[in-house]
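Chain and residue survey
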Amino acid sequence: MGSILSKISSFWSSADNKQPSSKILTNENCRNCRYPKSEIQRSDVPDKYLKWETDFPNYVPISYTSDSIKGKPWADPEKLPEGHVWNQVDSQSKIDRTSHEGEYKIDGGVPLNPIGRTGIKGRGCLGRWGPNHAADPIVTRWKVDDKGKKVIHPETGKPILQFISILRKDSKEWAIPGGMVDPGELVTATLRREFGEEALNSLEVSDDGNNSMEGKIEDFFRRGIEIYRGYVDDPRNTDNAWMESVAYNFHDEDGNAVARFKLHAGDDAVGVQWLDIGRDVKLYASHADMIQKVAVRHNANW
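The structure displayed is predicted, hence computed values, not measured ones. (Residues numbered from 1 in each chain as written. Predicted model: local features only at pLDDT ≥ 70, side-chain atom pairs only at ≥ 80, totals over all residues. Heavy atoms only, no water.)

1. Quick notes on the nonpolar core
Test applied: Put simply, a nonpolar core is a bunch of buried Ala, Val, Leu, Ile, Met, Phe, Trp, Tyr and Cys residues held in one set by side-chain atoms that sit within 4.5 Å of each other. Exposure classes here rest on a 1.4 Å probe applied to the protein chains alone. A residue is buried below 20% of its type maximum, exposed above 50%, and partly exposed in between. Segments assigned H or I by DSSP are reported as helices when at least four residues long, segments assigned E as strands when at least two residues long, and all are numbered from the N terminus. Whether two residues are in contact is decided by their heavy atoms, any of which lying within 4.5 Å being enough.
Counting 27 residues, the largest nonpolar core has Ile138, Phe163, Ile277, Leu283, Met290 and Ile291 as the members making the most contacts within it. Mapped onto this core, the elements with two or more residues apiece are β5 (130-142), β6 (161-168), β9 (225-232), β10 (241-252) and α4 (287-297). By residue number, the principal contributor to this core is α4, which donates 5 residues. Residues contacting Ile291, with those up to four places away along its chain left out, are Ile138, Phe163, Ile176, Ile277, Leu283 and Trp302. One finds Val139, Phe195, Tyr248 and Leu263 within the second-largest nonpolar core, a separate group that totals 15 residues.

Encoded structure:
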């Protein structure tokens, strides 16, 4: 199995075939609810008061940063030094402080969520003040019957697409198997690392099958296409810290690459499966919006 992972690392490209990504700009998942893995209730933020430009004199959100991230080497300190740089890549730490949404505002020495209010200040359980960058590999195949023919949805009349989905340990929701981009790391490196940790390391592959599959896997991971780049409506977002992601689609058109593997959960997941794509799919955060973009691109059922 190790040889397959090393091959993928060598042949994963930055995917030149990009397409414009429409923005998923909303705070539906991080407003008017309890903060994840805590007893902290967010202050109510009606839709009309979402944007910072709208005066909201009664807005006094609680400040919360989880003890789980305090003092961690990969997390920002609770109080940043004066003159800290924002909206750029830190030349010393290599931490990317830029946002895919453009330049964000600074208030009281900390960034402001570019979408608007969330009902809570601080970092919550996110490591970075401001944008926290992630990468999401969306690996897809066609759903086929026993004869290898594409399964057609009876209502839409379109073929059904499936993607590799993991069951998150923290929220027990199905999600894209992504992860955080390390300082100075290329997004493409994060994509291959996270997919390897959460899916490929747990594949059932016999030693005899390794050699025959390596060439197909090498070619498969050359064909990534960017699907989305921007803000993610994540339940962990706060007024001063938020998730952003770059999502790529890797599609196994003929089912001869990763589509042939049986999957088992690994790393940060408690379950992994090929999940049917459709408008009724329930996924973590705004992952369903990214999956819909993939379905539209392939003219598949939604």
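2. Topic: the environment of Asn27
This is how it is decided: The definition of a polar contact used here is a pair of N or O atoms within 3.5 Å, where within protein one atom must be able to donate a hydrogen and the other to accept one, and adjacent residues in sequence count solely through side-chain atom pairs.
Tracing the backbone shows Asn27 in the loop between α1 (2-11) and β1 (62-65). The spatial distance from the C-alpha of Asn27 to the C-alpha of Ile115 is 7.1 Å, given a sequence separation of 88 residues. With near-sequence residues (within four places) excluded, Asn27 lies in contact with Leu50, Asn113, Ile115, Gly116, Arg117, Thr118, Tyr231 and Asp233. Within polar-contact distance, the side chain of Asn27 engages the side chain of Tyr231 at 2.6 Å.

3. Here we look at the packing of aromatic side chains
We count it as follows: Any pair of Phe, Tyr and Trp rings, taking the six-membered ring for Trp, is counted once the centres come within 6.5 Å. Such a pair is stacked with planes under 30 degrees apart, edge-to-face with planes over 60 apart, and tilted for the rest. Counting as a charge over the ring demands two things of the Lys NZ or Arg CZ atom: a distance within 6 Å of the ring centre and an angle within 35 degrees of the ring normal.
Counted according to the given criterion, the structure contains 6 aromatic pairs. A centroid spacing of 4.1 Å and a plane angle of 10° characterise the contact between Tyr49 and Phe56, whose relative ring orientation is stacked. Aromatic side chains Tyr104 and Trp242 sit 5.4 Å apart centroid to centroid with 80° between the ring planes, which places their arrangement in the edge-to-face category. Taken as a pair, Tyr104 in the loop between β1 and β2 (106-107) and Trp242 in strand β10 lie far apart in primary sequence, 138 residues in all. With respect to class, Tyr104 is no different from Trp242; both count as buried. Following the ring pairs from residue to residue traces out a cluster consisting of Tyr49, Trp52, Phe56 and Tyr59. Arg168 extends its terminal NZ or CZ atom over the ring of Tyr284, reaching a point 3.9 Å from the ring centre.

4. Observations regarding the side chain of Ser38
Note that Ser38 resides in the loop between α1 and β1. For Ser38, the side chain forms a polar contact with the main-chain nitrogen of Ile40, separated by 3.1 Å.

5. Section: the pairing of β6
Filter applied, for reference: Note on pairing: two strands pair once DSSP finds at least 2 bridges between them.
Most of β6 is tucked away: 8 of the 8 residues are buried. Side chains Leu161, Phe163, Ser165 and Leu167 of β6 all project onto a buried face; the interleaved residues Gln162, Ile164, Ile166 and Arg168 project onto the opposite face, where all are buried too. Sheet topology places β5 next to β6; 3 bridges connect them, and they run antiparallel. Across the sheet, Trp142 pairs through a bridge with Leu161, a residue of β6. When β6 meets strand β7 (residues 174-175), the two strands line up antiparallel, connected through 2 bridges. What sits directly across from Leu167, in β7, is Trp174. Connecting β6 to the next strand, β7, in antiparallel fashion are 5 residues, including Lys172 with a positive phi near 60°.

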